[in-house]
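# Architecture at a glance
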Amino acid sequence: MSIRVRFAPSPTGPLHIGGIRTALYNYLFAKQNKGRLILRIEDTDQNRIVENAESYIEDALSWCGLVPDESPSKPGNFGPYRQSERKHVYQDHIEKLVKEGKAYYAFDTPEELSKIREDYEIRKETFKYGAENRMTLNNSLNLPEETVKKLVNESPYVVRLRVDKGKTIKVKDRVRGYIEINSGEVDDKILIKADGMPTYHFANVIDDHLMKITHVIRGEEWLPSLAVHQLIYDAFDWIAPEFMHLPLILKPQGKGKLSKRDGEKLGFPVFPLAWEGSEGFKEKGFLPEALMNYLAFLGWNPGTNEEIFNMDKLLSVFDTEKIQKGGAKFDFEKAKWFNHKFLESTDQKIIFEHFPEFLECLPVSWSQKKRNAVYSVLKDRLFLLEDLKSLSLIFLEDPSEYDSKVLSKIQKNNPKKIVAQFCKMAKEEVSIKDWKSKIHKWNKNEKLPFGVIMQSLRLAIIGNLKGPDIFDVCEILGNQVTLRRLEKFYHHQN
Ligand code: GLU
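Our subject in this report is the structure included herewith. (Residues numbered from 1 in each chain as written. Predicted model: local features only at pLDDT ≥ 70, side-chain atom pairs only at ≥ 80, totals over all residues. Heavy atoms only, no water.)

### Structural notes on the site of the ligand
Where we set the bar: By convention in these notes, a residue is near a molecule or strand provided one of its non-hydrogen atoms lies within 4 Å of it. Here a polar contact is recorded for every N or O atom pair within 3.5 Å, except that within protein the pair must consist of a potential hydrogen donor and a potential acceptor, and residues adjacent in sequence are included only if both atoms are side-chain atoms. Using a 1.4 Å probe, the Shrake-Rupley method yields the accessible areas, and only the shown protein chains count as cover for residues. Following the grouping adopted for this structure description, the nonpolar residues are Ala, Val, Leu, Ile, Met, Phe, Trp, Tyr, Cys and Pro, the charged ones are Asp, Glu, Lys and Arg, and the polar ones are all others, Gly among them.
Close to the ligand lie R6, A8, P9, S10, E42, Y200, N204, R218 and W222, which account for all nearby residues. R218 places a polar side-chain atom, nitrogen or oxygen, 2.8 Å from an oxygen atom of the ligand. Protein contact buries 84% of the 290 Å² of open area that the ligand shows by itself. Taken together, the residues that form the shell around the ligand break down as 4 nonpolar, 2 polar and 3 charged.

Shown next, in the form of C-alpha cells:
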C-alpha cells in the first residue's frame with residue numbers, strides 16, 4: 001500500500017509555524033516512505049475564509065521546501081482538492097447514511113435549541129443533542145415520513161450522526177497509544193450544516209477516505225475529534241487511517257499554546273512569510289532549511305546529541321516513533337542559533353544568489369570583491385540575514401563616538417601614542433597584513449599589554465570593542481579610510 005498523507009489547513013488566515021511543523025512532519029513521513037503529500041484546503045466554513053489565505057498557504061509551503069505532490073494548483077487523481085468544490089461528494093455520502101438510519105435530518109431551529117438549552121441550564125444540566133433526548137426533538141427519527149419529506153423541501157435542516165449510547169469507542173493514536181471513549185459522552189454531531197455544507201468532521205473523514213489517506217498526522221488540538229471521526233468511519237464500514245497527533249507548540253514563557261500575540265509581545269515572527277504588516281521568518285532572514293531543522297525539533301528528537309540536519313539528513317533520521325507526547329516550548333533564540341549554524345555553513349555564493357534583498361545594505365558602488373569580503377568577515381556573526389544591515393555599518397560610517405568606558409580604562413597606556421604608531425604605518429603604506437608583526441616589534445620597547453594595543457586600534461576604527469577581526473576590517477576599508485579613521489581618533493584625544 002503506498003503511503004499517502006495530507007496537510008489540510010483551513011484558509012482562515014496565514015499559516016502559523018505550528019501548521020508548518022505539521023506540514024513538515026507529513027512531508028518527511030511521505031518522502032521517507034516514497035509516498036505522496038496532499039494539500040487539501042478545508043474551506044467549508046465560508047464565514048471564516050480569509051482572502052489570499054489559500055495562496056499564502058501554497059507560497060509558504062513552497063518557501064519552506066514542502067511542496068505537495070497533489071494540491072488545488074497541482075491536481076492529481078483525487079480532486080477537487082478544495083472542500084468547497086466537493087459538496088456533491090458529501091451529499092451522496094450523507095444520503096447513504098440517512099437511508100441506513102445512521103444519520104438523520106434535524107429541523108430544530110436555533111431559537112428552539114437555545115430555549116431547550118436554557119431549560120436544561122435552569123435544572124443545572126447540560127444539553128446534549130443525542131440518545132437521551134433525540135426522540136423528543138424535531139427530527140426525522142420521530143416524525144412521519146411524509147412530514148419529513150415536506151420539511152426537507154421547505155425548511156432549513158441539519159443532518160446529524162446518530163450516536164448509540166453504551167458503546168466503547170476505541171481509537172488508536174500512534175503517539176499516545178489506545179484511547180477509549182464512552183459513546184454516551186458524544187453528542188449527535190452535525191454532519192451537514194443548514195447551508196448545505198459539511199462540517200469539518202464529516203468532510204474530513206469522507207475526504208481522507210476517498211483520497212486514500214493512509215496516515216493522518218495533525219496537531220493535538222484535533223485529538224478530541226478522533227472519537228467522532230472513528231464513529232463516521234464505522235458508520236460507513238471503512239477502515240480508518242492511522243493517526244498521529246503532534247504535541248502542542250507552547251509559549252516561550254508561561255503556559256498555553258503559542259499565539260500570534262506572543263510573537264508581537266516578544267518580538268519574533270510566528271508566520272513563515274509576512275502577513276498584513278507582520279514580518280515572517282523569511283523577512284527576518286531565516287534560511288528555510290534552518291527553520292525546518294528547528295521546527296523538526298519541536299516535538300521530536302533523534303535521541304542523540306546531533307542537532308544540525310539539512311533536509312536530506314532530516315529525511316534519513318526523522319522517525320515518527322520518536323514523536324513526543326509533551327508540548328514543545330518555542331524558543332526564538334534557539335531558532336536563531338539554528339539559522340546561525342546554517343548561515344555559517346552555507347556557501348556565500350548561494351546567499352548572494354538567493355537572498356539578494358538582504359545584500360542591498362552592501363552598496364552596489366562597491367566592487368563585488370569588497371561586497372564578498374564584507375559578507376565573509378561578518379558571516380560568523382549573523383544569526384539572521386537582517387543582521388547584516390547593522391553589522392555592515394562599520395564599513396559605511398566612520399565612528400562618531402568612542403566607547404568612553406573602554407577609553408578611560410586604557411587611558412593610562414596612552415592609546416593616542418599607540419594609534420599614532422598605526423597612523424605612521426598607514427602613511428608609509430605598510431601592507432596591513434604586516435601591521436601585526438610590525439606593531440609587535442615596536443612594542444618590544446614599549447612593553448604595553450598587547451590587548452590594549454588592539455583595543456586602541458579597534459576603538460579608532462569602529463568606536464567599540466565589538467565586531468570582526470580588526471585587521472580584516474582595516475584591509476577591507478583600505479589604507480586611505482583606515483588612515484582617516486586613525487587620524488580622527490588621534491585628534492579626538494587630547
Ligand atoms: N482543517 C483542519 C485544520 O485547519 C484540519 C485538521 C486535520 O488535519 O484533520 O487544521
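Text resumes after the structure shown.
### Some points on helix 20 (residues 450-462)
In plain terms, the rule: Helix and strand assignments come from DSSP, with helices taken as H or I runs of at least 4 residues and strands as E runs of at least 2, each series counted from the N terminus. Multiply 1.5 Å by the residue count of a helix minus one, and that product is the helix's expected span. Relative accessibility decides the category of a residue: with a 1.4 Å probe and only protein chains considered, values under 20% of the type maximum give buried, values over 50% give exposed, and everything between is partly exposed.
Here helix 20 is 13 residues long and its end C-alpha atoms lie 18 Å apart, about the 18 Å a rise of 1.5 Å per residue gives. Within helix 20, 10 of the 13 residues are buried, which leaves the element mostly enclosed by the surrounding structure. Residues V452, I453, M454, S456, L457, R458, L459, A460, I461 and I462 constitute the buried set of helix 20.

### Overview of the sheet that holds strand 3 (residues 103-106)
Hydrogen bonds between backbone groups are what pair the strands of a sheet, and the pairing can be parallel or antiparallel. As a reminder of what qualifies: Whether two strands pair comes down to DSSP finding at least two bridges between them. In this analysis an axis means a line fitted to C-alpha atoms, helices contributing only their contacting stretch, and an angle means the value between N-to-C directions, from 0 to 180 degrees. By definition, residues are in contact when any of their heavy atoms lie within 4.5 Å.
A sheet is described by the order of its strands in space; here 3 strands give the open sequence 3-4-7, paired in antiparallel fashion. Bordering the open sheet on either side are strand 3 and strand 7 (190-192), each of which pairs with just one other strand. Taking the axes of each pair of neighbouring strands and ignoring which way they run, one obtains an average angle of 40 degrees across the sheet. Two strands pair when backbone bridges link them, and strand 4 (residues 158-161) and strand 7 are joined in this way by 2 bridges, in the antiparallel orientation. Across the sheet, residue V159 finds its bridge partner in strand 7, namely I192. Against the sheet, helix 3 (residues 87-99) makes contact with strand 3, strand 4 and strand 7, and its axis sits at roughly 100 degrees relative to strand 3, the strand it touches most.

### Brief notes about helix 3
Applicable threshold: As used here, the arc is the angular range of directions from the helix axis to the C-beta atoms.
Given a rise of 1.5 Å per residue, 13 residues ought to cover 18 Å, and the 18 Å separating the end C-alpha atoms of helix 3 matches this to within 8%. Listed in full, the buried residues belonging to helix 3 are V89, Y90, H93, I94, L97 and V98. Along helix 3, the residues classed as buried sweep out an arc of 160 degrees about the axis, all on the same side. When the buried face of helix 3 is taken as reference, the exposed residues oriented beyond 90 degrees from it are D92 and K99. Buried positions along helix 3 lie against strand 3, strand 4, strand 7, helix 6 (200-210) and helix 7 (226-236).

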